[in-house]
Amino acid sequence: MKKRLFFNKYILFIIVFSLILSFTGCNDPHVEVAPKSEEVSLLTFEELQGKIDIDRTMEYIEDLVGFGPRLAGLPGEVEAGKYLAEAYKDLELEVETEEFPVMVFQDKEVQLTIKQWGEATPITANSLTYSTSTPEDGLTDLPLVYAGLGRREDFNGIDVTGAIAVVHRGELFYRDKVHNSAIKGAEAVIIINTEDSPLMATLIDKSIVPAIGVSSSEGQKIMDALEEGELKADLLVNTLIEDSTSNNIIGMKESSKETDKVLIIGAHYDSVNCPGANDNASGVGGLLEIATVLKGVDLPFDIQYIAFGSEEVGLIGSRNNVTTNHLKSSSNVIGMINLDMIGMGEYLVVLRENSLSDDFLSNIAYKAALDLDIKVVAEFSGRSDHSPYENQGIPVVFLAYWPFDPLYYHTERDTLETVDPQLVKNTVEVVLKTITTLVNEEYNQ
Ligand code: BES
Ligand code: ZN
């Protein structure tokens, strides 16, 4: 009897306990995640898409272009940075400014004249970023010697001592071409572009000897003259190289949920010495539009919007972000989405630097573009700020519109009028759809 009573009490206890559990939802994992997934499922892509205001995006782009060239470490970049910090504040983001040293560079003057059989021909040229200057009076009557691509083996059997080495663009970094020429005794280097446009490129660090670039047609004049016989040149290069600082402008959007996961969305806001509308006010405008659309939308992870400084002089801002403690540990980073040149071209490219890296994020973005009926191709390029993150093992996607037109890229023609609002909108949509997919399919718990 006693035993029976105990048994009944035991049964009663179990019934009451399981009732409590079922009311609190503690015995069923599905019941526990239900409220969260209900919150999350409120994030439909269509809802976000409806909030995009492309006129507002174009205003962001116009404002940035209004600061004039945003050269790394110079006032245009500084003013644009202040504007971005204000814009983040208006979007209720927590603003952090990440300062780093940068070398300011200005191409002040280049004069190149080739001389043959008593005839002098001026050649249009520009200095490469971080090219050192010639002496004030320039170099006079120096022989020109062709050295192929400027690889080490290209100097076998030729003598560039005291000469100006002439090399073609391609295969190795510009700085290596210049370095290889300088250690063989060249006084200066001319690099011929493969495109018929000025060669705008960086040497990453101050060069030992002056290095200039010429378009393919100007280069052809030099090559033709070299075919004819002995060729000499006068060269004056006047550049300014100065220590300064630059900033990444970071806007933090925190999730209301307890999370250490963060998605980075970035775009560089500096430019070369040109209006820099497509490269890359377009990407920063897209970034601000995404932040505007997502204002007040709670996500299961944090977002860091990063406007990078000093991309054009060697990805300095993004390199700095990954190497300093401003980047949370890379294992917390879901991925990095980079927007660079999203307003001109025919099709969207979804890029990573190489085929060996993690394609998790780029696959999602690629599928998003397909679902949205946006013309898209997947390619590889490391020519922008996603590269340092990718090297860190972080999944990346670099979104750009291609093909880029060398007649506009890094030239005075890179103006607001060339930015096609529809292409910027397409890219913003791809990012928002990528985020929706991340929320609903990857972080929905
Ligand atoms: N936006 C360009 C990169 C780019 C150009 C991507 C054309 C796709 C097509 C970027 O601002 C840039 O010019 N990058 C530099 C590289 C960097 C290491 C200085 C470049 O490509 O020369
Ligand atoms: Zn760019």
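Residues numbered from 1 in each chain as written. Chains lettered and ligands numbered in written order. Predicted model: local features only at pLDDT ≥ 70, side-chain atom pairs only at ≥ 80, totals over all residues. Heavy atoms only, no water.

Caption draft 1: Here's a closer look at the environment of V349. Residue placement: V349 occurs in strand β12 (residues 347-352). For the pair V349 and P403, spaced 54 residues apart in sequence, the C-alpha separation works out to 8.9 Å. Setting aside anything within four residues of it in sequence, one finds V349 in contact with V377, E379, F398, L399, A400 and W402. (Helix = DSSP H or I, 4+ residues; strand = E, 2+ residues; numbered from the N terminus. Contact = heavy atoms within 4.5 Å.)

Caption draft 2: Spotlight on the side chain of D414. Tracing the chain through its elements places D414 in the loop between β14 (396-402) and α12 (421-442). Look at D414: it is buried, it has no salt bridge, and the nearest opposite charge is R70 at 6.8 Å. Non-local contacts of D414, meaning those with residues more than four positions away in its chain, are made with C274, P275, G276, A277, N278, D279 and Y408. (Buried < 20%, exposed > 50% of the residue type's maximum accessible area, 1.4 Å probe, protein only. Lys, Arg positive; Asp, Glu negative; His and termini not counted. Salt bridge = Lys/Arg side-chain N within 4 Å of Asp/Glu carboxyl O.)

Caption draft 3: Inspection of the packing of helix α4 (residues 54-65) against α12 at higher detail. With their axes 10 Å apart at the nearest point, α4 and α12 run at an angle of 105 degrees to one another. By the criterion of interaxial angle, the relationship of α4 to α12 is roughly perpendicular. The segment α4 lies against α12, with I54, T57, M58 and I61 engaging P421, V424 and K425. Here the contact of α4 with α12 is composed, by residue class, of five nonpolar, one polar and one charged. (Axes fitted to C-alpha atoms, helices over the stretch in contact; angles between N-to-C directions. Parallel < 35°, antiparallel > 145°, perpendicular 65-115°, else oblique. Nonpolar A, V, L, I, M, F, W, Y, C, P; charged D, E, K, R; others polar.)

Caption draft 4: Seen up close, the site of ligand 1. Not every one of the 15 residues close to ligand 1 is listed here, only the nearest: E311, E312, D340, R383 and Y409. D340 places a side-chain nitrogen or oxygen 2.9 Å from a nitrogen atom of ligand 1. Starting from 510 Å² of accessible surface for ligand 1 in isolation, the protein chains cover 90%. In terms of residue class, the shell around ligand 1 is made up of six nonpolar, four polar and five charged. (Near = heavy atom within 4 Å. Polar contact = N/O pair within 3.5 Å; in protein donor to acceptor, adjacent residues only side chain to side chain. Areas by Shrake-Rupley, 256 points an atom, 1.4 Å probe, with all protein chains shown as cover.)

Caption draft 5: Inspection of the pairing of strand β4 (residues 139-146) at higher detail. In this sheet, strand β8 (residues 232-253) lies alongside β4 in antiparallel orientation, the contact comprising three bridges. For L139, the partnering residue across the bridge sits in β8 and is L235. Where β4 lies against strand β5 (residues 164-168), three bridges are found, and the strand directions are parallel. Opposite L144, over in β5, you have I164 as the bridge partner. (Pairing = 2+ DSSP bridges.)

Caption draft 6: Focus on the coordination of the zinc ion (ligand 2). Within the protein, the atoms that donate to the zinc ion (ligand 2) are H268 (NE2), D279 (OD), D340 (OD) and D340 (OD), at distances of 1.9 to 2.6 Å. What the six donor atoms of the zinc ion (ligand 2) show is an angle range of 52 to 163 degrees at the metal, which sorts the shape as irregular. Positions of the donor residues of the zinc ion (ligand 2), expressed as sequence spacing, correspond to H-x10-D-x60-D. Placement of H268 in strand β9 (residues 262-268) and of D340 in the loop between β11 (333-339) and β12 is noted, with a sequence separation of 72 residues between them. Of the two residues examined, H268 and D340, each falls in the buried class. (Donors = N, O, S within 2.8 Å, 3.2 Å for Na, K, Ca; no water. Tetrahedral: all angles 85-135°; square planar, octahedral: opposite > 155°, others 65-115°.)

Caption draft 7: Layout of the pattern of salt bridges. Taken as a whole and judged by the stated rule, the model has 14 salt bridges. Across the pair E153 and R151 runs a salt bridge whose closest N-O atoms are separated by 3.7 Å. Note on R151: relative accessible area 24%, which makes it partly exposed. Beyond isolated ion pairs, a larger network of salt bridges with shared partners links R151, E153, D154 and E171.

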